[in-house]
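One letter stands for each residue in the lines below.
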Amino acid sequence: AFYDRIVPLFRQAASDQAAALLEAAVGGDAQALQHWAHTLKGSLLTVGASATAERAEEIERAARERRLDGLSARVERLVAETAIVVAHLTPANRG
C-alpha cells in the first residue's frame, strides 16, 4: 500500500524537479541548480535510486562551488537517468 501511494507522487515530483533542474542549467543559475539537485536527490533516495541520487549530489556540490563548466551535460544525463527510474517505478514492476 505504501508503494502504491508513494510511486505516483514520486513520478510526478521527480519529473517536475528534473525539468526545473534542466531549466536552471540552461539559465546558468547556480543557486537554482543547487536547490533542484538537492530536492531531486531526496526524491531519488526515497525510492531507493541511490546511484542516480549520487549524480544529483555531485551536481548539487558543483553548483554550490560555482563550478558550472560542463554541468549542463551532466544535468542532461541526470534528467535522462531520472526518466528511466520514473519509467521503471510502476505498480507492475514492484519487487
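This text goes with the structure placed above it.
Below or above, wherever it landed, is the structure these notes cover. Remember, predicted model here, so these are calculated numbers, not experimental data. (Residues numbered from 1 in each chain as written. Predicted model: local features only at pLDDT ≥ 70, side-chain atom pairs only at ≥ 80, totals over all residues. Heavy atoms only, no water.)

### Section: the side chain of Q17
- Within the element layout of this structure, Q17 appears in helix α1 (residues 2-27).
- For Q17, a relative accessible area of 9% corresponds to the buried category.
- Look past the residues within four positions of Q17 in its chain and what remains in contact with it is W36, T39, L40 and S43. (Helix = DSSP H or I, 4+ residues; strand = E, 2+ residues; numbered from the N terminus. Buried < 20%, exposed > 50% of the residue type's maximum accessible area, 1.4 Å probe, protein only. Contact = heavy atoms within 4.5 Å.)

### Comments concerning α1
- An ideal rise of 1.5 Å per residue puts 38 Å on 26 residues; α1 measures up with 37 Å between its terminal C-alpha atoms.
- Among the residues making up α1, those that are buried are V7, F10, A14, Q17, A18, A20, L21, A24 and A25.
- The inward-facing, buried residues of α1 contact α2 (30-46) and α4 (71-88).
- Of the residues one or two after α1, G28 is the one with positive phi, at around 65°. (Expected span 1.5 Å × (residues − 1).)

### Notes on the pattern of salt bridges
- Per the stated rule, a full pass over the model turns up four salt bridges.
- Here E60 ties to K41 by a salt bridge, and the two come within 2.9 Å at their closest N and O atoms. Here E60, found in helix α3 (residues 50-64), pairs with K41, found in helix α2; they are 19 residues apart in sequence, far enough to count as distant.
- Given a relative accessible area of 8%, E60 falls into the buried group.
- Three or more residues are tied together by salt bridges with common partners; here these are K41, E60 and R64. (Salt bridge = Lys/Arg side-chain N within 4 Å of Asp/Glu carboxyl O.)

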